[in-house]
Amino acid sequence: MNLQIDDSNRVRTLTLNRPDALNAFNEALYDEVTDALLAAGGDPEVSVVLLTGAGRAFSSGNDLVEMQTRIANPDFTPGEHGFYGMIEALADFPKPFLCAVNGVGVGIGATILGFADLVFMADTARLKCPFTSLGVAPEAASSYLMPRLIGRQNAAWLLMSSEWISAAEAKEMGLVFKVCTPGDLLTEARRHAEILAAKPVTSLQAVKETMVAPVREAVAAATRRESELFVELVGAAANAEALAAFTGRKGAAGS
């Protein structure tokens with residue numbers, strides 16, 4: 001099972017559960033998270049969703065081995081929802097969505113935070129958006145959400161540099177609500193989640209709707225722009241070389 005689902009006190013915790021792959025998103029995981037978000041959004045017994053990761057990573061981003069297979073194999077079968085299905089589910093999720101970043105967050109493991117209402121991060125965790133090192137465009141409406149959330153210059157560094165961002169830097173930027181010790185992370189995230197979950201879910205949904213309604217069309221437009229540029233760049237020389245170098249290193253490490 002790529003995703004663990006646990007309910008407690010009207011909080012549904014979703015745990016990315018591919019620890020051996022550092023919780024990288026493959027097609028199956030995109031589908032499972034999308035289905036879980038759709039189910040939680042429509043479940044009257046769920047008021048808040050909390051996303052975290054199993055093992056030492058939050059998520060290492062897209063499964064690059066599968067990405068290379070997708071590029072090279074014309075018979076590759078995508079998932080039912082895929083990446084864009086999950087982004088749409090996040091953009092439309094009607095209830096509070098919290099993230100507890102327990103370890104490294106790379107690519108979608110970082111940009112997913114743009115959809116979170118509250119982010120908690122272990123002080124040992126780090127974030128990276130490696131788009132320029134992979135020769136591709138940004139994703140998950142991060143080109144719109146990140147400048148709005150953390151300011152133009154912080155977003156430019158996050159999205160352009162492919163450098164690691166520490167938990168303290170993420171907090172200073174405004175990307176993270178609270179930084180915790182690893183041992184306190186889930187306790188603190190769940191404490192806040194349960195405070196919210198104790199409130200009337202209709203009121204929580206009203207607050208969420210009024211917060212996201214003004215930006216929903218802009219998020220969708222940003223996703224379309226990013227998708228067009230991603231299609232243009234993926235498989236091009238810079239991207240192909242980066243993926244080949246990555247999978248070559250991975251193969252060498254495993255041999």
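Shown above is the structure to which this text applies.
Since we're looking at a predicted model, the values are computed, not measured.

Draft legend 1. Here's a closer look at the overall build of the protein chain. From N to C terminus, the protein chain includes 12 helices and 10 strands. Computed over C-alpha atoms, the radius of gyration of the protein chain comes to 18 Å, within 12% of the 18 Å expected from 2.2 N^0.38 for 255 residues, which places it in the range of a compact globule. Its C-alpha atoms give the protein chain principal-axis dimensions of roughly 50 × 40 × 40 Å. In the protein chain, once contacts between residues fewer than 6 apart in sequence are set aside, the share between residues at least 24 apart is 74%. By element, 55% of the accessible surface of the protein chain is carried by carbon and sulfur atoms, the whole surface being about 12,000 Å². The protein chain carries 21 positive and 30 negative side-chain charges, and their two centres are separated by 6 Å.

Draft legend 2. Structural view of helix α7 (residues 152–161). The set of residues buried in α7 consists of A155, L158, L159 and S161. Buried positions along α7 lie against α5 (131–134), α6 (142–150) and β9 (165–166). S162 occupies a position one or two residues after α7 and carries a positive phi of about 60 degrees.

Draft legend 3. Highlighting the sheet that holds strand β6 (residues 104–106). An order of β4-β6-β8-β9 is seen for the 4 strands of this open sheet, with the pairing classed as mixed. Looking at strand neighbours, the two that pair on one side only are β4 (57–59) and β9, the edges of this open sheet. Judged from the 2 bridges that link them, strand β8 (residues 126–128) and β9 form a sheet pairing that is antiparallel. Paired with L127 across the bridge in β9 is I165.

Draft legend 4. Representation of the pairing of strand β2 (residues 11–16) within the structure. The element β2 is largely enclosed, with a buried count of 6 among its 6 residues. On β2, burial covers both faces: V11, T13 and T15 on one face and R12, L14 and L16 on the other are all buried. Following strand β1 (residues 3–8), the chain reverses through 2 residues before pairing antiparallel with β2; N9 in that reversal takes a positive phi of roughly 50 degrees. Two elements, β2 and strand β3 (residues 48–53), share 6 bridges in a ladder whose sense is parallel. Across the sheet, residue R12 finds its bridge partner in β3, namely V49. Note on the crossover from β2 through helix α1 (residues 27–42) to β3: the handedness is right-handed.

Draft legend 5. Here's a closer look at the packing of α6 against α7. With their axes 7 Å apart at the nearest point, α6 and α7 run at an angle of 135 degrees to one another. Regarding the angle of α6 to α7, the classification is oblique. Once α6 is placed against α7, the crossing between them reads as right-handed. Seen from α6, the contacting residues are S142, S143, M146, P147 and I150; seen from α7, they are R152, N154, A155, L158 and L159.

Draft legend 6. Representation of the nonpolar core in the model. In this structure, L37, F97, I108, I112, L113 and L127 are the most contacted members of the largest nonpolar core, which totals 69 residues. In terms of residue count, the dominant contributor to this core is α1 (6 residues). Those residues in contact with I108 that lie beyond four places of it in its chain are F25, Y30, G61, N62, F83, M86, I87, E139 and A140.

Draft legend 7. Broad picture of helix α3 (residues 82–92). The set of residues buried in α3 consists of G82, F83, G85, M86, I87, A89 and L90. Here the buried face of α3 lies against α1, β5 (97–101), α4 (108–111) and α11 (216–233).

Draft legend 8. Region of interest: the pattern of salt bridges. Throughout the structure, instances matching the rule amount to 8 salt bridges. Residue D63 is joined to R18 by a salt bridge in which the shortest nitrogen-to-oxygen separation is 3.3 Å. Placement of D63 in the loop between β4 and α2 (64–72) and of R18 in the loop between β2 and α1 is noted, with a sequence separation of 45 residues between them. Take D63: its relative accessible area is 15%, and that puts it in the buried class. Classification of R18 as buried rests on a relative accessible area of 16%. A cluster of three or more residues bridged by salt bridges with shared partners is formed by D7, R12 and D43.

Draft legend 9. Seen up close, the sheet that holds β5. Here 6 strands make up an open sheet; going across it, the order is β1-β2-β3-β5-β7-β10 and the pairing mixed. The sheet is open, and its two edges are formed by β1 and β10 (178–180), each paired on a single side. Looking at each pair of strands side by side, their axes are set apart by 20 degrees on average, direction ignored. For β3 and β5, the ladder comprises 3 bridges, and the chain directions are parallel. Paired with L51 across the bridge in β5 is C99.

Parameters at a glance
Residues numbered from 1 in each chain as written. Predicted model: local features only at pLDDT ≥ 70, side-chain atom pairs only at ≥ 80, totals over all residues. Heavy atoms only, no water. Helix = DSSP H or I, 4+ residues; strand = E, 2+ residues; numbered from the N terminus. Rg over C-alpha atoms; globule rule 2.2 N^0.38 Å. Contact = heavy atoms within 4.5 Å. Areas by Shrake-Rupley, 256 points an atom, 1.4 Å probe, with all protein chains shown as cover. Lys, Arg positive; Asp, Glu negative; His and termini not counted. Charge placed at Lys NZ, Arg CZ, Asp CG, Glu CD. Buried < 20%, exposed > 50% of the residue type's maximum accessible area, 1.4 Å probe, protein only. Pairing = 2+ DSSP bridges. Right-handed = clockwise from strand over helix to strand, strands pointing away. Axes fitted to C-alpha atoms, helices over the stretch in contact; angles between N-to-C directions. Parallel < 35°, antiparallel > 145°, perpendicular 65-115°, else oblique. Left-handed = near helix turned anticlockwise from the far one by under 90°. Core = buried A, V, L, I, M, F, W, Y, C linked by side-chain atoms within 4.5 Å. Salt bridge = Lys/Arg side-chain N within 4 Å of Asp/Glu carboxyl O.

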